[in-house]
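Structural characterization, general
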Amino acid sequence: MKYLKQLLVAFLGTLSGSTGAEYAMPEADCTGPELPKIDIADLRNMYSGEVSRIEEALQWEGYVISSDQGSNVFGELYLQDKPAEPEGGIVLYTDLLETHSLYPLGSKVGVNLKGLYLGKSGESYELGGAFPVFGSLSVGRLPASLAKKHVRVSCGDRVQPAATEVTIDSLSDRLLNSLVQVSGVEFSPEEAGLPFADVAQPTLRHLVDCSGNTLTVKNSGYSDFYAEPLPGGNGTATGILT
């Protein structure tokens, strides 16, 4: 059995995606747009079956679970609706660089949905700008200047996101774009000794469990850790399910 989703920014055992560097929390926008708030279910229900521009003046709140600090994520901001036991998450595409300095891991943000485009890839919901592809629209990266207007850090302390504990065979589409910790896995024996990623290339590796279930791991060849060898042995892997 193979689960066809991917784990992004995955590490086994005690390895961590953080470099330990500290960044000042950006000034929170306590006033905000004061728009009516909707939840993740409402946001998903706005999807009409094709990419469309959101015209309603609405706000959705989420918690940042991704960081581009280690250069393993680029042009993407992953948000889940709660810091622990989320109902779901969404990915926002943006041209904004060094998002970790503006939207640190664990910060709560308010997303002004009006003017953003909502789409769906497989079962993954996406927000961003739009670009034409063969006569239809696809969700693309939101220009940096607009990203800062649409995504604002809310008041309050940062909260360390808690990964949902799962096994490969218990993964579900509901967990897409959220932080998960997969237990009882190890990298495929065929990939033993390989680096996390090939230089300058997006690279897929594979986690397996004792039942033969497989989960693909995606890492960037530009990441700070790309040349490190895959860890051996059985353990846990933490990452964003995409």
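Residues numbered from 1 in each chain as written. Predicted model: local features only at pLDDT ≥ 70, side-chain atom pairs only at ≥ 80, totals over all residues. Heavy atoms only, no water.

**Points about the overall build of the protein**
Assigned secondary structure in the protein consists of three helices and 16 strands. Within the span of the protein, comprising 242 residues, buried residues form 45% of the whole. Once local pairs closer than 6 in sequence are excluded, the contacts in the protein between residues at least 24 apart make up 68%. Of the accessible surface of the protein, which amounts to about 11,800 Å², a share of 50% is contributed by carbon and sulfur atoms. (Helix = DSSP H or I, 4+ residues; strand = E, 2+ residues; numbered from the N terminus. Buried < 20%, exposed > 50% of the residue type's maximum accessible area, 1.4 Å probe, protein only. Contact = heavy atoms within 4.5 Å. Areas by Shrake-Rupley, 256 points an atom, 1.4 Å probe, with all protein chains shown as cover.)

**Digging into the packing of aromatic side chains**
Summed over all chains, the structure comprises three aromatic pairs. Here Tyr-47 and Tyr-125 contribute two aromatic rings whose centre-to-centre distance is 6.2 Å and whose plane-to-plane angle is 85°, an arrangement assigned as edge-to-face. Within this pair, whereas Tyr-47 is found in the loop between helix 1 (40-45) and strand 3 (52-53), its partner Tyr-125 is found in strand 9 (residues 124-133), the two being separated by 78 residues in sequence. With a relative accessible area of 21%, Tyr-47 lands in the partly exposed category. (Phe/Tyr/Trp six-rings, centres within 6.5 Å; stacked < 30°, edge-to-face > 60°.)

**What about the nonpolar core?**
Membership of the largest hydrophobic core comes to 24 residues, with the highest contact counts inside it found for Leu-43, Trp-60, Val-111, Leu-113 and Leu-127. For this core, the secondary structure elements donating two or more residues are helix 1, strand 4 (59-64), strand 5 (76-80), strand 6 (89-93), strand 7 (108-112), strand 9 and strand 11 (151-153). Ignoring sequence-local partners within four residues, the contact set of Leu-113 consists of Ile-38, Leu-43, Ile-54, Glu-56, Leu-58, Gln-59, Trp-60 and Leu-127. Core analysis: the next-biggest nonpolar cluster, separate from the first, contains 18 residues, Val-166, Ile-168, Leu-215 and Leu-241 among them. (Core = buried A, V, L, I, M, F, W, Y, C linked by side-chain atoms within 4.5 Å.)

**Let's talk about the pattern of salt bridges**
Taken as a whole, this structure holds six salt bridges when the rule is applied. Glu-55 is paired through a salt bridge with Arg-53; the nearest N and O atoms lie 2.8 Å apart. A relative accessible area of 39% means that Arg-53 is categorised as partly exposed. Note that Lys-82 is salt-bridged to Glu-87, the shortest N-O span being 3.7 Å. Via salt bridges that share partners, Lys-37, Glu-61 and Lys-108 belong to a single interconnected network. (Salt bridge = Lys/Arg side-chain N within 4 Å of Asp/Glu carboxyl O.)

**A word on the confidence of the model for the protein**
Model confidence for the protein is summarised by a mean pLDDT of 89, while 88% of its residues fall at 70 or above. Confidence drops under pLDDT 50 across residues 10-23; counting only partners more than four residues distant or on other chains, this segment forms 30 contacts. (pLDDT = per-residue confidence, 0-100.)

**Points about empty space enclosed by the protein**
As enumerated under the stated definition, the model contains one cavity of 30 Å³ or more in all. Around the largest cavity, the lining residues are Leu-77, Leu-92, Thr-94, Leu-96, Thr-99, Tyr-103, Ala-147 and Val-151. Of the residues in the lining of the largest cavity, the class split is six nonpolar, two polar and no charged. (1 Å grid on protein atoms, 1.4 Å probe; cavity = no way out; pocket = protein on both sides within 12 Å on 5 of 7 lines; lining within 4 Å. Points joined across faces, edges and corners; volume = space filled by probe spheres on them. Nonpolar A, V, L, I, M, F, W, Y, C, P; charged D, E, K, R; others polar.)

**Some details on the environment of Ala-237**
For Ala-237, the position within the fold is in strand 16 (residues 235-241). Residues Ala-237 and Glu-165 lie 72 residues apart in sequence; the distance between their C-alpha atoms is 9.9 Å.

**Some remarks on the environment of Pro-189**
On the secondary structure map, Pro-189 appears in the loop between strand 13 (179-187) and strand 14 (203-208). Sequence-wise, Pro-189 and Val-208 are 19 residues apart; in three dimensions their C-alpha atoms are separated by 9.1 Å.

**Comments concerning the pairing of strand 10 (residues 136-140)**
As defined by bridge partners, strand 9 adjoins strand 10 across five bridges and the pair is classed as antiparallel. Bridging from a neighbouring strand, Ala-130 pairs with Val-139 of strand 10. (Pairing = 2+ DSSP bridges.)

**Looking at the layout of surface pockets**
Of the pockets and cavities examined, the second largest pocket occupies roughly 520 Å³. As for the second largest pocket, its lining consists of 28 residues, and the residues nearest its centre are Gln-6, Leu-8, Glu-76, Tyr-78 and Lys-218. Counting residues per element, the ones that place at least two in the lining of the second largest pocket are strand 1 (2-12), strand 5, strand 6, strand 9 and strand 15 (214-219). Among the elements that take part in the lining of the second largest pocket, strand 1 stands out by supplying three residues, more than any other. Residue composition of the lining of the second largest pocket, grouped by class: nine nonpolar, 13 polar and six charged.

**Structural notes on the pairing of strand 16**
Of all seven residues that make up strand 16, five are buried, and the element is covered over most of its length. Sheet analysis places strand 13 next to strand 16, joined by five bridges and oriented antiparallel. Counted as the bridge partner of Val-180 is Gly-239 from strand 16.

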